[in-house]
Each structure stands twice: as structure tokens, then as C-alpha cells.
Amino acid sequence: MFIKNKDIKPFEKKVWLASPTMHGDELKWMTDAFEKNWMTTAGDNVNELEKIAAESAQMKYAVALCNCTAALHLCVKLAGEKLYGKPMIGHGALEGKRVFCSDMTFDATLNPVVYEGGIPVFIDTEASSWNMDSVALEKAFELYPDVKLVVCAELYGFPGRIDIIKSICEKHGALLIEDAAEAMGATLNGKQCGSFGDYSAVSYNGNKIITGSSGGCLLTNDIEVANKARKWSTQAREAAAWYQHEEVGYNYRISNVVAGVVRGQYPYLSEHIAQKKAIYERYKEGFKGLPLTMNPIVDGTVPNYWLSACIIDKDAMCKQVRDDKTALYIPEHGKSCPTEILEAISSINAEGRPIWKPMHMQPMYRMHEFITQTGSGRAKTNAYIKGGVEDIGADIFDRGLCLPSDNKMTPEIQDKVIEIIRGCFE
Ligand SMILES: *Cc1c(COP(=O)(O)O)cnc(C)c1O
């Protein structure tokens, strides 16, 4: 056993993967809510936020909600009712229906599908974009032509070909929910992420490109959809003199204080993107000569560069195994693995993270179908994939990792992060 990088000193202040970056306007709008005494889930900040969010995403309407998961839940309900009609009380909007879902993403992308009784079928990731594989999606429609809903997330702010995904959906008469939680401000062919879905959602969670500490928006071009989402999010109260209810409701509206924070952040979206881009490019430059590649940028897309990530060449991987909770590796000269690099990063008080563990590898979804370019199967364990199926998501999870990508990381600090990573391959 040998110790790599033993003489780099840890940072005094932790370097985060992605932390909030405040500017001052946020406090002004929070104070505005306080002074006007609109300390509730309505007020000027909420109204203004909805205007700004819609405009920024090139959509007609935004409905501001307590978080993006709630927005996705309402997207799923809207799609479910449009496709299958109003469910009986006690049933989900997608009861027993298969839904094609991104596989390599945060589980919030598809949790709402499960809330509504749907059955996620996972679509593999393409190596060229790290987003949903359109060839695998076509394959899925061949296997299940009656599926009517696709939920697709953009990974780390680097869009894939969501336009192709959308046209495949149209061809098969399916609706598309776009989870643009990580991709606010990113574009494909000049079109904003969040504007491709029939229903889309963005997030203002604390680690996203801009934040309200929490919060999210549902985006749509259809006024009736926006009105319905707004109604459902406020306990589905009917227009009557008393509390009249014809359908189930939720308490999903955003706080006017939180909306003030987001309102104050929007003017800085492009600045944050520029900072994140500089971080990505410094890593790219700093990794020259190493057996590492940064996460891909697809032609025609402009990422928001939310998280810089990288993947280790196959022949530069030392041995690494992961079970459900732990990871082990065998250090080797000239080689490394995500576990070793993440340990090295954390040893200098910085934060990295494994790639989102694909959903088909998660214990709760092991018996769910998983469809790749080359076939379909059920991935029962990390190691077992039905014969002939090439599992791109598992491979990216195995060899990839997210790097410290905080806006406030200085070039000097980043150089040290790069140095410690270079040391892993010595
Ligand atoms: C952060 C995130 C969400 C959830 O957003 P919240 O606002 O925290 O509910 C959903 N999907 C993806 C891909 C995310 O990264």
C-alpha cells in the first residue's frame, strides 16, 4: 500500500460541490415581503417570480411551487389525467401504467410517477451525452407501443438531444415531462431547457444554479394547465363562497419569502453560468495528459455547466467494487478510480460526489425493466445484466464522478483540486 498526495494541505474553508451564491437583492425582496406583511404563499414576489421564470424559460406560464419535486408531481398528475382521465379517489393518475423514465438521474425525477401508481421502465443513458438514449427509447416503444408518457431529465446542466426525445414522443403519441431541475439556463439549438416538455419543471433547491433555499416552478404554454396546477397546489379549492372541493388538493405553493430569494437570484443566472463554465474549462485544461474525460457537451447545446464531472478511461481504472453501502479499491500506480479520487478530494476538505447511481441499480427498482440500445432486461444486482445487454449507465457510474463545482471556488483552490486528482494517477 502506498499513499498518494500526502503533502497537500486541506483547505481551511470547505470547498463545496455547489453551494448557494447570494448577492444582496435576495435580502431586499425578502425584506419587501416582511415589510408588506405578505408572509404567506402569495404576494408580489410570487407573482414577479412567475413572470421572470416563464420569460427566462421561453414559456408562457410558470407556476411557482415549494420545490421541483412538487412541480414534477403536478406535471405527472396533469399528464395522467390528460391521458387516462380523472382517477377514482384512492387511485393514482397513472395506476398500473408503464412510464419511460431517465435512468441515470436523481430519484426525484421519477418519485412522482410512483406517487401516482405508475411503473417506471428505465431507459439507458447514451455515452455521447450522459442523457436519455434516444435509440433505447425507440426500442422501448417497440416493446411497449401503448406507453404514453416519458419523463426525461437533463443531467448536470448538460443537455442531450431532448429535441429527438420529443419527436420520438410525438411519433408515438406520448407526452413528455422535462425535468430541467439541473439545466436552468442551458439551451439546445437556442431553445431553453424547460421549454421542450409538454410539462416541465425547474428547481431552486440550495445547490442548483440559482436558488431560493428551496422552491421550483412548473412551466407550460397552456393557460388551462397553469390554472389547474395553481388550483391543485392550493388545496384544489373551487370558486365558491366556502371551501368547496371537487378533487384532491395539495399544499404546494411557494412562500413569498422564498420567492423573494429566487427573484433576487434570477438576474445573476448568466453570471453563475459563466462562473461554472470557467470551472469546467479549468478542469479540462488541468486534466490534459490524464486518462480522464470531462462530461460531454453535445453539438448544438449550450450547457449551464452546473456540475463539472469526469470519467476515467477504462484501462486507467484500478480495481474498485461497490456494494449497496460501501466501496473498496486496490490502489495501483498509474491508475485510479472514483472512490480513490473522491477520498483524495475529501482529504483536502473539498466535496465531490459519485455520479447519480442509475435507477435500475437501486434496490427498490431492481425488478423493474431496463431498456438499452441492445436489449432489455432486469438488472437484479449491480453485476448482473441479462445476456448481451450493454449497460452504459452502470459504466458511467463505475468510472465517473462529480467534481467540486462551487461558483466561489477560486482558480488557486481549483488548481489544488486538480493537483490532488493528478496525484491519484501517479
Ligand atoms: C434537484 C433535482 C430535483 C428536485 O428538486 P427539488 O427542488 O429539490 O425538489 C429533481 N430532479 C433533478 C434531476 C434534480 O437534480
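The structure presented is a predicted model; accordingly, all values stated were derived computationally and were not measured. All chains use their own residue numbering, which begins from 1 and follows the written sequence. Only residues with pLDDT of 70 or above have their local features reported here, since the model is predicted, and side-chain atom pairs are shown and tallied only from 80 upward, although totals for entire chains, interfaces and linings are computed over all residues. Where side-chain values are given, they derive from all heavy atoms of the structure, hydrogens and water being excluded.

Student: Please set out the packing of aromatic side chains residue by residue, giving values where relevant.
Tutor: Geometry of aromatic contacts follows a simple scheme: Phe, Tyr and Trp rings, the Trp one being its six-membered ring, pair when their centres are within 6.5 Å, and the pair is stacked under 30 degrees between planes, edge-to-face over 60, tilted otherwise. Applying the stated criterion across every chain, the model contains 11 aromatic pairs. With 5.3 Å between their ring centres and 65° between their planes, Tyr 280 and Tyr 305 make a pair best called edge-to-face. Within this pair, whereas Tyr 280 is found in helix α9 (residues 269–286), its partner Tyr 305 is found in the loop between β11 (301–302) and β12 (309–312), the two being separated by 25 residues in sequence. The residues Tyr 280 and Tyr 305 share a single accessibility class, namely buried. These aromatic residues form a ring-pair network of at least three members: Phe 106, Tyr 156, Trp 306 and Trp 356. Between the NZ or CZ atom of Lys 77 and the centre of the ring of Trp 232, over which it lies, the distance is 5.0 Å. Helix and strand definitions here come from DSSP, where helices need a minimum of 4 consecutive H or I residues and strands a minimum of 2 consecutive E residues; each element is numbered from the N-terminal end. Note on exposure labels: buried denotes an accessible area under 20% of the residue type's maximum, exposed denotes more than 50%, and partly exposed covers the range between, all computed with a 1.4 Å probe on protein chains only. By definition here, charges over rings are those cases where NZ of Lys or CZ of Arg is within 6 Å of the ring centre and within 35 degrees of the ring normal.

Student: Outline the sheet that holds strand β18 (residues 400–402), supporting the account with residue identities and numerical values.
Tutor: Strands were regarded as paired on the criterion that DSSP finds at least two bridges between them. With antiparallel pairing, the four strands of this open sheet are ordered in space as β10-β12-β18-β15. Two strands lie at the open edges of the sheet, namely β10 (292–294) and β15 (353–354), each paired on one side alone. Pairing between β10 and β12: three bridges, direction antiparallel. By the bridge assignment for β12, Leu 292 is matched with Ile 312. Here helix α10 (residues 338–347) sits on the sheet and contacts β12, β15 and β18; the angle it forms with β18, its principal contact strand, is near 25°. The contact criterion used throughout is that any non-hydrogen atoms of two residues lie within 4.5 Å. Fitted lines through C-alpha atoms give the axes, limited to the stretch in contact for helices. The angle between two N-to-C directions lies from 0 to 180 degrees. Together, β12, β15 and β18 form the strand contacts of helix α11 (residues 392–399), whose direction differs from that of β18 by roughly 60°.

Student: How would you summarise the environment of Leu 218 if you had to cite specific residues and measurements?
Tutor: As for its position among the elements, Leu 218 is in strand β9 (residues 216–220). Judged by relative accessible area, Leu 218 falls into the buried class, the value being 0%. It is 16 Å that separates the C-alpha atoms of Leu 218 and Thr 41, two residues lying 177 residues apart in sequence. Setting aside residues no more than four positions away along its own chain, Leu 218 makes contact with Tyr 61, Ala 62, Val 63, Leu 65, Ala 71, Leu 74, Cys 75, Leu 78, Ser 200 and Ala 229.

Student: How would you explain the domain arrangement of the protein if you had to name every residue and give the values?
Tutor: Taken domain by domain, the protein consists of domain 1 (25–268) and domain 2 (269–358 + 388–423). Domain limits in this description derive from either an automatic procedure or a database domain assignment. Centre-to-centre separation of domain 1 and domain 2, based on C-alpha positions: 28 Å. Facing the 35 residues of domain 1 at the interface are 34 residues of domain 2. Around 2900 Å² of area is buried between domain 1 and domain 2 when both sides are counted, 63% of it from carbon and sulfur atoms. Two parts placed together each lose some accessible area under a 1.4 Å probe, and adding up what both lose gives the buried area. The largest share of the area that domain 1 buries against domain 2 comes from Trp 130, Tyr 156 and Phe 158, three residues that together contribute 29% of it. Each reported salt bridge corresponds to a side-chain nitrogen of Lys or Arg within 4 Å of a carboxyl oxygen of Asp or Glu. Taken together, the links from domain 1 to domain 2 amount to zero salt bridges.

Student: A description of a negative patch on the surface should follow, citing residues and the corresponding values.
Tutor: Together, Asp 7, Glu 412, Asp 415, Glu 419 and Glu 426 make up a region of like negative charge exposed at the surface. With respect to the helices and strands, the residue Glu 419 is situated in helix α12 (residues 411–424). In this structure Glu 419 comes out as partly exposed when scored by relative accessible area, which is 45%. Residues enter patches when they are more than 30% accessible in relative terms and free of salt bridges; like-charged ones are connected within 9 Å and nonpolar ones (Val, Leu, Ile, Met, Phe, Trp, Tyr) within 5 Å. Under the convention used here, a 1.4 Å probe and the Shrake-Rupley method define accessible areas, while residue burial counts only the protein chains that appear. His is not counted here, nor are the chain ends, while Lys and Arg score as positive and Asp and Glu score as negative. The location of each charge is read from NZ of Lys, CZ of Arg, CG of Asp or CD of Glu.

Student: Can you lay out the state of the cysteines for me, pointing to particular residues and giving the numbers?
Tutor: Here, a disulfide means two cysteine sulfur atoms that sit within 2.5 Å of each other. Counted under the stated rule, the structure contains zero disulfides. Cys 152 supplies the cysteine sulfur nearest to Cys 101, a cysteine that is in no disulfide, at a spacing of 9.9 Å.

Student: So what about the site of the ligand? Which residues, and what values?
Tutor: Nearness here has a simple test: a residue counts as near a molecule or strand if at least one of its heavy atoms is within 4 Å of that partner. By nearness alone, 14 residues border the ligand, and Thr 69, Asp 179, Glu 182, Ser 203 and Lys 208 come closest of all. Side-chain polar atom of Thr 69 to an oxygen atom of the ligand: 2.5 Å apart, as the coordinates give it. Burial of the ligand by the surrounding chains reaches 94%, relative to a free accessible area of 380 Å². Any N or O atom pair separated by 3.5 Å or less is treated as a polar contact, with the protein-specific requirement of one donor-capable and one acceptor-capable atom, and with residues adjacent in sequence counted only for side-chain atom pairs.

Student: An account of the pattern of salt bridges is needed here, citing residue identities and associated values.
Tutor: Under the defined criterion, the tally for this structure stands at 21 salt bridges. The partner of Asp 32 in a salt bridge is Lys 36, with the nearest N and O atoms 3.0 Å apart. A residue pair is termed a helical-turn pair when its members lie 3 or 4 positions apart in one helix, as Asp 32 and Lys 36 do in helix α1 (residues 25–36) at four residues. Classification of Asp 32 as buried rests on a relative accessible area of 17%. Classification of Lys 36 by relative accessible area gives partly exposed; the value is 42%. The partner of Lys 86 in a salt bridge is Glu 247, with the nearest N and O atoms 2.3 Å apart. Here Lys 86, found in the loop between α3 (68–84) and β2 (98–102), pairs with Glu 247, found in the loop between α7 (223–233) and α8 (256–265); they are 161 residues apart in sequence, far enough to count as distant. Residue class for Lys 86 comes out exposed when judged on its relative accessible area of 53%.

Student: Describe the nonpolar core, naming the residues involved and giving the relevant values.
Tutor: Soluble, globular proteins show a tendency: their nonpolar side chains are buried together. As used in this record, nonpolar core signifies buried Ala, Val, Leu, Ile, Met, Phe, Trp, Tyr and Cys residues forming a set joined through side-chain atoms within 4.5 Å. Counting 77 residues, the largest nonpolar core has Tyr 156, Tyr 204, Phe 287 and Ile 421 as the members making the most contacts within it. If you count residues domain by domain, this core takes at least three from each of domain 1 (25–268) and domain 2 (269–358 + 388–423). When near neighbours in sequence (up to four residues on either side) are disregarded, Phe 287 contacts Leu 292, Met 294, Cys 310, Leu 403, Ile 418, Ile 421 and Arg 422.

Student: Go over helix α5 (residues 134–143) with me, naming the residues and quoting the values.
Tutor: When we look at burial in α5, the residues that qualify are Ser 134, Ala 136, Leu 137, Ala 140 and Phe 141. Looking down the long axis of α5, one finds its buried residues gathered within 155° of arc, a one-sided arrangement. For α5, the secondary structure elements touched by its buried residues are β2, β3 (119–123), β4 (149–153), α6 (162–171) and β16 (369–372). Two to three positions downstream of the cap, the backbone nitrogen of Val 135 sits 2.8 Å from a side-chain oxygen, assigning the N-cap of α5 to Asp 133. Here, the arc refers to the directions that run from the helix axis to the C-beta atoms.

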